[in-house]
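# Structural features, examined
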Amino acid sequence: LCPVKQLISLESPRFHPHAKGKNIRLDGQLRRATRKNSFCNGITFSHRPVRLYEKVRLRLTGVHTGWSGALRFGFTSLDPSELASADIPKYACPDLVTRPGYWAKALPERLALKDNVLSFWADRHGRVFYSINDGEPILFHCGLSIGCPLWAIIDIYGITQEVTLLGECFIVLFSYTVLSSAVAAKMANLQLNNYSQLIPCCSSSSTTSSSSASTAFNVPRVVRGLPSPLDNDLHFHPIRGSDVILSADRSAACIHFLDSSRTLVFSDRPLRVGETLYVEVGHLGLPYFGALLFGLTSCDPSSLHAGDLPADPEVLLDRKEYWVVHRGFPMPCSGDVLSFSLLPNGEVHHGVNGTGRGRLLCVDSSQVLWAFFTLHGAVNRLRILGKKSATWRPDSSKPNPQNKCRLNSRTNLTAPSSPLSPPVSPTLSASELPSSGKNGECTVCFDQEVDTVIYTCGHMCLCNDCGLKLKRQINACCPICRRPIKDVIKTYRP
């Protein structure tokens, strides 16, 4: 037996003529609902139950920016016809959703733009999905009771003043038929591809995660300029932000909810000098800010607790380990392949689809460094494609430019040389490591001359620019002895 999809045409739901908030006015066709006063008392319902997988489609035809908050929507298992006017509260959230049989949440305000088309539906697992302008589906809510009829809830709230239900819609039904093994295999692959499009992230199921993750990133690699073959010994670490879901093989990291905030993910082993890491990006294609953040740290992720990982990785800069964070990536396209190369001199170079984009940041390459990312804004998927190793043969006739990199405005880092940092990389011997203040160079930028003394420990190992930057950090401490920095004092030589 194999499921076969059938499209069934239905007349779209209309607004219930009687079950509505006191500020709602309906047109004669029960398709347009307008909130006339205030910012609340705008709850409406569908006039009939909505079937599973049936999309409720509406256009935001009226938006007023004088309020805050936006449309709330969801489902109820209670017949709106049995509601008296006095029983309809001002707000769907929290008034309705605290009652049994009601499920609703708010549309992110940045998506509540005039003339945007919102579609939402429920599936047989009790999950609610939505999409904007027929874009990629987003998991919105879980836990619906699907053993009974479900009516749509639309609360015309805040900046949303008017919505119009759109016309004819379709739902997908499955019938079962006996197919040959070859046809069944093709149908199974087709269904898996369609399912991976419905769920914008990797599934938590051990049997489908790896396949779903693979089909979710279906851009041909050769088109993206990906070298081959790649080594596949690098994956995401099990320790991750609470909003992140990993595929079974930990090659793909996904976030289910648009407003997910705790999205830190780490590599499961350090990135070695000379290695290039390749990752593939997936995103929703929606018009809002935020994309991707990348960094390197000497902190072993195994020593962290998932519940303690912050929403903003820059909070981690106050820890004693070595952290370098870069934000400000340009918005990638879905399917773009990004590369990150750690060079022996501490420079980290990056590329997009096989084209080098130059130096991204500078790090202390004597440290053992794990890579980390956060997924923000439109970026909701990241997959490690593999890594490529290069054989580095430094020219002995030239001086070794150890870490002679300047900080840029998009890079933040902690002070190096922490005694709590992990041991140095085995690729560099102790004799090859730069000593503090060697040749009068600043131990942070390795570029400017040392001209600043740290109070109270008295160490003189920084240039004035780096000293001032270090002093401004919370819990700033000396790069050598780790004693707190109370002040930095510039010195002058005759």
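Residues numbered from 1 in each chain as written. Predicted model: local features only at pLDDT ≥ 70, side-chain atom pairs only at ≥ 80, totals over all residues. Heavy atoms only, no water.

Let us look at helix H4 (residues 464-472). All buried positions along H4 are accounted for by Asn464, Cys466, Gly467 and Leu470. With its buried residues spanning 160 degrees around the axis, H4 presents them on a single face. For H4, the exposed residues set more than 90 degrees away from the buried face come down to Asp465 and Arg472. Packed against the buried residues of H4 are strand E28 (452-455) and strand E29 (487-490). (Buried < 20%, exposed > 50% of the residue type's maximum accessible area, 1.4 Å probe, protein only. Helix = DSSP H or I, 4+ residues; strand = E, 2+ residues; numbered from the N terminus. Arc of directions from axis to C-beta. Contact = heavy atoms within 4.5 Å.)

Let us look at the side chain of Thr297. By secondary structure assignment, the location of Thr297 is in strand E20 (residues 292-297). Among the polar contacts listed, one links the side chain of Thr297 to the backbone oxygen of Tyr322, at a separation of 3.0 Å. Apart from the residues within four sequence positions on either side, Thr297 is in contact with Phe266, Tyr322, Trp323, Val368, Leu369, Trp370 and Phe372. (Polar contact = N/O pair within 3.5 Å; in protein donor to acceptor, adjacent residues only side chain to side chain.)

Moving on to the confidence of the model for the protein chain. In the predicted model, the protein chain carries a mean pLDDT of 76, and the fraction of residues at 70 or more is 73%. Under a pLDDT of 50 for its full length, residues 1-5 has, in the predicted model, 22 contacts with residues more than four places off or in other chains. Taken together, the stretch residues 172-223 has pLDDT below 50 and engages in 94 contacts with residues farther than four places along the chain or on a different chain. (pLDDT = per-residue confidence, 0-100.)

A few words now on the pattern of salt bridges. It is possible for side chains of opposite charge to pair when their charged atoms get near one another. The full count for this structure, using the stated rule, is 17 salt bridges. Between Asp233 and Arg269 there is a salt bridge, and its shortest N-O distance comes to 3.4 Å. Linking Asp233 in the loop between helix H3 (209-216) and strand E15 (236-240) with Arg269 in the loop between strand E18 (264-267) and strand E19 (275-283), this pair joins segments that are 36 residues apart in sequence. As a salt-bridge pair, Glu275 and Arg269 come within 3.0 Å of each other at their nearest N and O atoms. Linked through salt bridges whose partners overlap, the residues forming this network are Asp231, Asp233, Arg269, Arg272, Glu275 and Lys387. (Salt bridge = Lys/Arg side-chain N within 4 Å of Asp/Glu carboxyl O.)

Counted according to the given criterion, the structure contains 16 aromatic pairs. Between Phe340 and Phe373 the ring centres are 5.6 Å apart and the planes differ by 70 degrees, which places this aromatic pair in the edge-to-face class. Of this pair, Phe340 sits in strand E22 (residues 337-342) while Phe373 sits in strand E25 (residues 370-375), and the two are 33 residues apart along the sequence. Each member of the pair Phe340 and Phe373 is classed as buried. Taking the ring centre of Trp121 as reference, the NZ or CZ of Lys55 above it sits at 4.7 Å. One residue, Lys105, lies across the ring of Phe140, its end atom 5.2 Å from the ring centre. (Phe/Tyr/Trp six-rings, centres within 6.5 Å; stacked < 30°, edge-to-face > 60°. Lys NZ or Arg CZ within 6 Å of the ring centre and 35° of its normal.)

Counting buried residues in strand E13 (residues 160-165) gives five out of six residues, a clear majority hidden from the surface. Here three bridges tie strand E4 (residues 32-35) to E13, and the two strands are oriented antiparallel to one another. Counted as the bridge partner of Arg32 is Thr164 from E13. (Pairing = 2+ DSSP bridges.)

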